[in-house]
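So the chains spell out like this:
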Amino acid sequence: MILGKLNDIAGFIRFMSISRIFNVILLYLSYYCSILFKKPFHQGMPFSISVEPTTNCNLQCPECPSGLREFTRPTGNISYKKFKEYIDKAGSNMVYLMLYFQGEPFLSKDIFKIISYARSKMVYTTTSTNGHFLASVDKAERLIHSGLNRLIISFDGTTQDVYEKYRKGGDLQKVKDGIVNLVSTKRKLGVSHPYIILQFLVMGHNEHQMAEARKFAKYHGLKIEFKSAQVYDLHQDEGFIPRVNKNYSRYQKQKDGSYSVKSKLPNRCFRMWSGMVITWDGKVVPCCFDKDARHVLGDLNKQEMREIWKGKEYQRFRTDILRNRSSIDICRNCTEGLKKIKN
C-alpha cells in the first residue's frame, strides 16, 4: 500500500516540467494576493481540470442528480473528437485531469481512447467509478494499457443490504469481483498503475461497517478513504447523516431538527484560481459542486480557454467568492473550509 502511494507520487512528479511548476507558483501567488487585497488578481492558467465523459449512470443513488435523473441541463456523452478539442485548448500548463463530474465514466464508449489521449499529453489522469464495469479481464487490461494513473472506486458498504441503501441498483459482489480482477491483472502485467483508492462515503446506515471495509482494502493491498457524504435536503434526514462518527459528517443538527453545514465558509477558495470543470457539451463551470451547471462561465465550443479563464464571468465569480462566499448557492454545501479528517 505504501509502495503504491510512493509510485503514485513519483508518477505525478514525473509530469512536472519547469514551465508547469512556474505556472503553479503564479497561481498560488495570485490566490494569496487576491485574499490579501480582497480583489481577484490572476496570473497563470489552470493546472487542474475536470472533464465530464457522460451524464449517464447505471445506478439511482438518492443524493445524486445523475442517479435521480433530475438534471435541468442537457445530458449526453462527450465525443472523442470534442474531448481532444477541449484538451488541446487547455494548453501545456495542465498537469492533473479528472475524467469525472457527473455520471459513470465507463458508460462512455470512448473512455479508453480519451484516457490514452490525455496521457499522450503528459497529463496525470484519474477517474472515479461505481465499479460495475471492471469485472472482465479485457476491460481491466484495456484500462491498464490506456495509462490511467489513478482510479477511485466507490465502496459504500460490505454487505449487499447496506450497500444498496445508497447505491440503488448496484451489485456489491460485482464491484468486489471487479476490484479483485483489476488487482490481479495489474499483478499479472507487472505494473503499478492505476493507483487504486476505495472511497467509502460514511453515512448513518453504513458507518458500522467502516472497520470491515478497511479490512477488505488492507487484504487486497489497497488504500481506502472515508469521506463525508453530501445531502441536499437539510430539513429531512433520510438516514444518510452519520450518528456515531460525527467527524465524518459535513453537517450539525439544529434545535429545530434540521441540519446546517459545519464549514465556516471562509471568503476564499483555491479551486477558483487553480482549476475548472468542463461539462460533456463544453460548458465551463466553477467546480464539482455546480452539478447542474447553474453558473456557466464560458463555452469551449465558442471561446478559447484563456478567454474564459481571464474573462469577466470568471472574475465576477472570483470577486463574489472573496466578498461573500456564503451568498453563492453551490458554496453552501461545500467541504472547502471543513476540517480535514484523517482516515
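Preceding block: the structure.
Because the structure is a prediction, the values reported are computed rather than measured.

Take the side chain of S154 next. Turning to its location among the elements, S154 is positioned in strand β4 (residues 150-154). Polar side-chain contacts of S154 include one of 3.3 Å to the side chain of R167.

At a closest axis distance of 8 Å, the pairing of helix α5 (residues 111-120) and helix α6 (residues 137-146) adopts a crossing angle of 20 degrees. Considering the angle they form, α5 stands roughly parallel to α6. Seen along the crossing, α5 lies across α6 with a hand that is right-handed. Between α5 and α6, the residues in contact are F112, I115, S116 and R119 and K139, R142, L143 and S146, respectively.

What the rule picks out here adds up to 13 salt bridges. The salt bridge involving K82 is made with E85; its shortest N-O contact spans 3.5 Å. In this pair, K82 and E85 both sit in helix α4 (residues 80-90), three residues apart, roughly one turn of the helix. Linked through salt bridges whose partners overlap, the residues forming this network are D281, K283 and D299.

This part covers the nonpolar core. Ranked by internal contacts, the top residues of the largest apolar core, which has 79 residues, are F83, L97 and L198. Among the elements that take part in this core, α5 stands out by supplying six residues, more than any other. If we skip the residues at most four places from it in the chain, L97 touches I49, V51, F83, I87, A118, V123, Y124, T125 and T126. The next biggest cluster of nonpolar side chains, apart from the first, holds 14 residues, and it includes C57, L59, Y166 and L201.

For the pair α6 and helix α8 (residues 172-189), the least separation of the axes is 9 Å and the interaxial angle reads 60 degrees. By the criterion of interaxial angle, the relationship of α6 to α8 is oblique. Considering how the two elements wind past one another, α6 and α8 form a crossing that is right-handed. Note on element contacts: α8 touches α6 through N181, L182, T185, K186, K188 and L189, opposite V137, A140, E141, L143, I144 and H145. Residues that form the contact of α6 with α8 fall into these classes: six nonpolar, three polar and three charged.

Reading the values: rules and limits
- Residues numbered from 1 in each chain as written.
- Predicted model: local features only at pLDDT ≥ 70, side-chain atom pairs only at ≥ 80, totals over all residues.
- Heavy atoms only, no water.
- Helix = DSSP H or I, 4+ residues; strand = E, 2+ residues; numbered from the N terminus.
- Polar contact = N/O pair within 3.5 Å; in protein donor to acceptor, adjacent residues only side chain to side chain.
- Axes fitted to C-alpha atoms, helices over the stretch in contact; angles between N-to-C directions.
- Parallel < 35°, antiparallel > 145°, perpendicular 65-115°, else oblique.
- Left-handed = near helix turned anticlockwise from the far one by under 90°.
- Contact = heavy atoms within 4.5 Å.
- Salt bridge = Lys/Arg side-chain N within 4 Å of Asp/Glu carboxyl O.
- Core = buried A, V, L, I, M, F, W, Y, C linked by side-chain atoms within 4.5 Å.
- Buried < 20%, exposed > 50% of the residue type's maximum accessible area, 1.4 Å probe, protein only.
- Nonpolar A, V, L, I, M, F, W, Y, C, P; charged D, E, K, R; others polar.

Read these as layout, nothing more, since geometry by itself doesn't imply function.
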